Amino acid sequence: MNDTWDLSILYKDFDDPAFTGDMAALDQAVAAVNALAGEAAGMDHSQLVHRFLQVQERVEELTNKLFIFCSLRCSANTADTKANSLGDQLSAKLSGCAAANASLRRTVAGLEDLDAIMDADPALEPYRFLLESIRRDSKYLLTDREEEEMEAMILDHAQPMAQAAPEEIGQQREGGV
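Residues numbered from 1 in each chain as written. Predicted model: local features only at pLDDT ≥ 70, side-chain atom pairs only at ≥ 80, totals over all residues. Heavy atoms only, no water.

### Quick notes on the overall build of the protein chain
In terms of regular secondary structure, the protein chain is built from seven helices and zero strands. Mapped from its N terminus to its C terminus, the protein chain presents α and β elements in the order α-α-α-α-α-α-α. Split into buried and exposed, the 177 residues of the protein chain put 34% on the buried side. Contacts in the protein chain between residues far apart in sequence, at least 24 positions, make up 76% of those at least 6 positions apart. Taken as a whole, the protein chain presents about 10,500 Å² of accessible surface, with 52% of it coming from carbon and sulfur. (Helix = DSSP H or I, 4+ residues; strand = E, 2+ residues; numbered from the N terminus. Buried < 20%, exposed > 50% of the residue type's maximum accessible area, 1.4 Å probe, protein only. Contact = heavy atoms within 4.5 Å. Areas by Shrake-Rupley, 256 points an atom, 1.4 Å probe, with all protein chains shown as cover.)

### Some details on the packing of aromatic side chains
Throughout the structure, instances matching the rule amount to five aromatic pairs. Taking 5.2 Å as the distance between ring centres and 75° as the angle between the ring planes, the aromatic pair formed by Phe14 and Phe19 counts as edge-to-face. Ring-pair connections join several aromatic residues into one group, and the members of that group are Tyr11, Phe14, Phe19 and Phe69. (Phe/Tyr/Trp six-rings, centres within 6.5 Å; stacked < 30°, edge-to-face > 60°.)

### Describing the environment of Lys82
Following the sequence through the fold, Lys82 ends up in helix H3 (residues 81–95). The spacing of Lys82 and Cys70 is 12 residues in sequence and 8.6 Å in space, taken between C-alpha atoms.

### Regarding the packing of helix H1 (residues 17–39) against H3
Closest axis-to-axis distance for the H1/H3 pair is 10 Å, and the angle between their directions is 20°. Taken together, H1 and H3 sit at an angle that is classed as roughly parallel. Between H1 and H3 the crossing geometry is left-handed. Residues Phe19, Met23, Leu26, Asp27 and Val30 of H1 touch H3, and the partners they reach there are Leu86, Gln89, Leu90, Lys93 and Leu94. Classifying every residue of the contact of H1 with H3 by side-chain character gives seven nonpolar, one polar and two charged. (Axes fitted to C-alpha atoms, helices over the stretch in contact; angles between N-to-C directions. Parallel < 35°, antiparallel > 145°, perpendicular 65-115°, else oblique. Left-handed = near helix turned anticlockwise from the far one by under 90°. Nonpolar A, V, L, I, M, F, W, Y, C, P; charged D, E, K, R; others polar.)

### A few points about helix H4 (residues 98–109)
Counted at 1.5 Å a residue, the expected span for H4 with its 12 residues is 16 Å, and the 16 Å between its end C-alpha atoms agrees. For H4, the complete set of buried residues consists of Ala99, Ala100, Asn101, Ala102, Ser103, Leu104, Val108 and Ala109. (Expected span 1.5 Å × (residues − 1).)

### Brief notes about the confidence of the model for the protein chain
Across the protein chain, the average pLDDT comes to 86, with 84% of residues at or above 70. Confidence drops under pLDDT 50 across residues 169–177; counting only partners more than four residues distant or on other chains, this segment forms eight contacts. (pLDDT = per-residue confidence, 0-100.)

Right, here's the structure in full:
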């Protein structure tokens, strides 16, 4: 029986060009979310919905793969400080577009012609549930100001948490804490 995980289907290691490339691509995807939020007000509604879905899918695709790799590395070795640190870096990257994402979701949810846009474009049918959920749940979104405050708090605390986690993990493994 093989008792070692083979994560090479995702990445070979953290210095794998595919991993570093996906981290850089995530920066670009986050920038695309932020840029779209700035352009949304003046866009054609149908174009906005399509671009929103495109940038959301790209961010999700990258973060899922990157987080899964970091998480599985941590599961295999809870003292893997590199995996813990990179997981925190991923969280910080995502918080960098949280306000823009919330703004885009509010904008898409508020489109009076959203149903007509979905009905007119068969390519949007697979996204109907998502778009309807965004509209239904938009009342729970934070305001832009609240999102910015949350983003600042996350960024302020990400570094100290990354430094404390390996010590706490080490104490747990040695029977402390």
